[in-house]
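Residues per chain, in single letters:
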Amino acid sequence: MKKFIDLRSDTVTKPSEAMRKVMLNAEVGDDVYKEDPTANKLQEYAAELLGKEAALFVPTGLMGNQICLNVLTNPGDEVICERTAHIFQYESGTPAKLSGIQLSLIEGKNGIITPSQIEPLIRPESAYYMPRTKAIEIENTHNVAGGTVFPIEVIKEVRQLADKYNLFMHLDGARLWNASVASGVSVKDYAGYFNTVSVCLSKGLGAPIGSIIAGDKSIIDEAFRVRKAIGGGMRQVGIIAAAGLFALQNNIDRLKEDHYKANLLAEHLSKFENVEVDMASVQTNMLMFKPIGMSVDEVLNRLSNEGILAGQGGYGVVRFVTHLDVSFDEIERAKQILTKVFEG
Ligand code: TLP
């Protein structure tokens, strides 16, 4: 079978031998009784890492985000977020389906939304005929913007605004590890500004399954109930929690290598006249580019014929994501393929 260079997402990684070994040997118990020692250990480790009172293991990033939104809101409430936020674009309308809430959208720049954009959207408490604004959601790194880092100084200002209006803040930190490695700001420092945080173990960190949500104990106690209610209460979950723990202990630092690789590809692409790459947005392990004179489908087909699998970013945009299963040799080969496709 042809070996593709798979740049569709950092979700495509497969567990390494070392990771499989800890999974095989994981101590397990029934997690619905809170008796899985490995899941408990992972949750304690993650809570400590994120500087929160408690944490909860959940199967997916989507479930993590949506449980948090559910806990923070009541039906009819509104949550403010960026227009291309994952919770809006790619979570199957779950804010409406699960929580009966609506999202209020802001056009961000590089995924960043600012207090001056947010404040006018906050509904006055006296306006009983309007939905109630309950929370602000931020995505870091921001997927559709190209894996961009949300600056900590802006997060701090948004928190001040949230406090002024008594609003919660939720962080979709599916790739918070990448933001932290790129900016040098600790995940704890980022998480400190939010009531709830969702982080993924199954993206850049290379675990096969799993996300973590974290917050105050009272919030996580409630999240535990919601997780069960939507079918997320798993049993001998230590088998996969072990992979998550391994990922947190071994695979954070190496993300800088993924960032370097994305940058190599971006620099190469920026040389072609029929490709538009905004180098300023290439900050972590993602790279978005617009082909000129070729449709995205055409580019994806040609790349796949030559051995590269890529994805679609926003409209008219091709997305590459680097990860721990793409070697330096493959990056070199990818560059040659790109030259053939865009110059040949
Ligand atoms: N993102 C996936 C796709 O859904 C687009 C990807 O390949 O990038 N938040 C953010 C910011 C995400 O990028 C993702 C996954 C999620 C949440 C959801 O995580 P999962 O897939 O575990 O539910």
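Attention here is on the structure that accompanies the text. (Residues numbered from 1 in each chain as written. Predicted model: local features only at pLDDT ≥ 70, side-chain atom pairs only at ≥ 80, totals over all residues. Heavy atoms only, no water.)

1. Section: the sheet that holds strand β2 (residues 54-58)
Consideration 1: Spatial ordering of the open sheet is given by β2-β8-β7-β6-β5-β3-β4, a layout of seven strands whose pairing is mixed. A strand with exactly one partner marks an edge of an open sheet, and here the two such strands are β2 and β4 (102-106). Neighbour to neighbour, the strand axes of the sheet diverge by 20° on average, direction disregarded.
Consideration 2: Alignment of strand β7 (residues 196-200) against strand β8 (residues 211-215), held across five bridges, turns out to be antiparallel. Looking at β8, one finds that Val-197 is bridged to Ala-214.
Consideration 3: Packed onto the sheet, helix α2 (residues 37-50) meets β2, β7 and β8 and runs at close to 125° relative to β2. (Pairing = 2+ DSSP bridges. Helix = DSSP H or I, 4+ residues; strand = E, 2+ residues; numbered from the N terminus. Axes fitted to C-alpha atoms, helices over the stretch in contact; angles between N-to-C directions. Contact = heavy atoms within 4.5 Å.)

2. What about the sheet that holds strand β12 (residues 311-312)?
Consideration 1: Spatially, the four strands line up as an open sheet ordered β9-β10-β13-β12, and their pairing is antiparallel. At either end of the open sheet lies a strand with only one pairing partner, and these are β9 (275-276) and β12.
Consideration 2: Where β12 and strand β13 (residues 318-321) come together, two bridges link them in antiparallel fashion. Bridged to Gly-311 within β13 is Arg-319.
Consideration 3: Most of the contacts of helix α12 (residues 255-269) go to strand β10 (residues 286-291), to which it runs at about 20°, and overall it touches β9, β10 and β13.

3. Digging into the site of the ligand
Consideration 1: The full set close to the ligand counts 14 residues, and Ser-9, Gly-61, His-86, Asp-172 and Arg-175 are the nearest of them.
Consideration 2: One nitrogen or oxygen atom from the main chain of Gly-61 is found 2.8 Å from an oxygen atom belonging to the ligand.
Consideration 3: Lys-203 is positioned with one of its side-chain polar atoms (N or O) 2.9 Å from an oxygen atom of the ligand.
Consideration 4: Against a free-state accessible area of 510 Å², the protein chains account for coverage of 80% of the ligand.
Consideration 5: By residue number, the principal contributor to the shell around the ligand is helix α3 (residues 61-72), which donates three residues.
Consideration 6: For the shell around the ligand, the residue count by class is two nonpolar, six polar and six charged. (Near = heavy atom within 4 Å. Polar contact = N/O pair within 3.5 Å; in protein donor to acceptor, adjacent residues only side chain to side chain. Areas by Shrake-Rupley, 256 points an atom, 1.4 Å probe, with all protein chains shown as cover. Nonpolar A, V, L, I, M, F, W, Y, C, P; charged D, E, K, R; others polar.)

4. Thoughts on the pattern of salt bridges
Consideration 1: One pass over the full model with this rule turns up 17 salt bridges.
Consideration 2: For Asp-31, the salt bridge identified is with Arg-227, shortest N-O distance 3.4 Å. Highlighted residues: Asp-31 in the loop between α1 (17-24) and α2 and Arg-227 in helix α10 (residues 217-229), separated in sequence by 196 residues. Each member of the pair, Asp-31 as well as Arg-227, carries the same accessibility label: buried.
Consideration 3: Lys-164 is the partner of Glu-119 in a salt bridge, and the nearest nitrogen-oxygen pair spans 2.9 Å. Of this pair, Glu-119 sits in the loop between α6 (115-118) and β5 (132-139) while Lys-164 sits in helix α7 (residues 152-164), and the two are 45 residues apart along the sequence.
Consideration 4: Residue Glu-119 is classed as partly exposed on the basis of its relative accessible area of 28%. (Salt bridge = Lys/Arg side-chain N within 4 Å of Asp/Glu carboxyl O. Buried < 20%, exposed > 50% of the residue type's maximum accessible area, 1.4 Å probe, protein only.)

5. Focus: the packing of α12 against helix α14 (residues 328-343)
Consideration 1: Direction vectors running N to C along α12 and α14 enclose 20°, while the axes themselves pass 10 Å from each other. By the angle class used here, α12 and α14 are roughly parallel. Seen from above, α12 lies across α14 with right-handed handedness. In contact with Glu-257, Tyr-260, Lys-261, Leu-264, Leu-265, His-268 and Leu-269 of α12, α14 contributes Phe-328, Ile-331, Ala-334, Lys-335, Leu-338, Thr-339 and Phe-342.
Consideration 2: Of the residues that constitute the contact of α12 with α14, the class distribution is nine nonpolar, two polar and three charged. (Parallel < 35°, antiparallel > 145°, perpendicular 65-115°, else oblique. Left-handed = near helix turned anticlockwise from the far one by under 90°.)

6. Looking at α10
Consideration 1: Look at α10: 19 Å from first C-alpha to last across 13 residues, which is about the 18 Å you get at 1.5 Å a residue.
Consideration 2: Among the residues of α10, those classed as buried are Ile-219, Ile-220, Ala-223, Val-226 and Arg-227. Burial along α10 is one-sided: seen end-on, the buried residues are contained in an arc of 115°. Facing away from the buried surface of α10 by more than 90 degrees, the exposed residues are Ser-218, Arg-225 and Ala-229.
Consideration 3: Turning to α10, the residues buried within the fold contact α2, β2, α3, β7 and β8. (Expected span 1.5 Å × (residues − 1). Arc of directions from axis to C-beta.)

7. Quick look at the pairing of β2
Consideration 1: In terms of burial, β2 is a largely internal element, five of the five residues being buried.
Consideration 2: Side chains Ala-54, Leu-56 and Val-58 project from β2 onto one buried face, and the interleaved Ala-55 and Phe-57 project onto a second face that is buried too.
Consideration 3: Bridge count between β2 and β8: five bridges; the pairing is antiparallel. Residue Leu-56 lies in a different strand from β8, and its bridge partner there is Ile-213.

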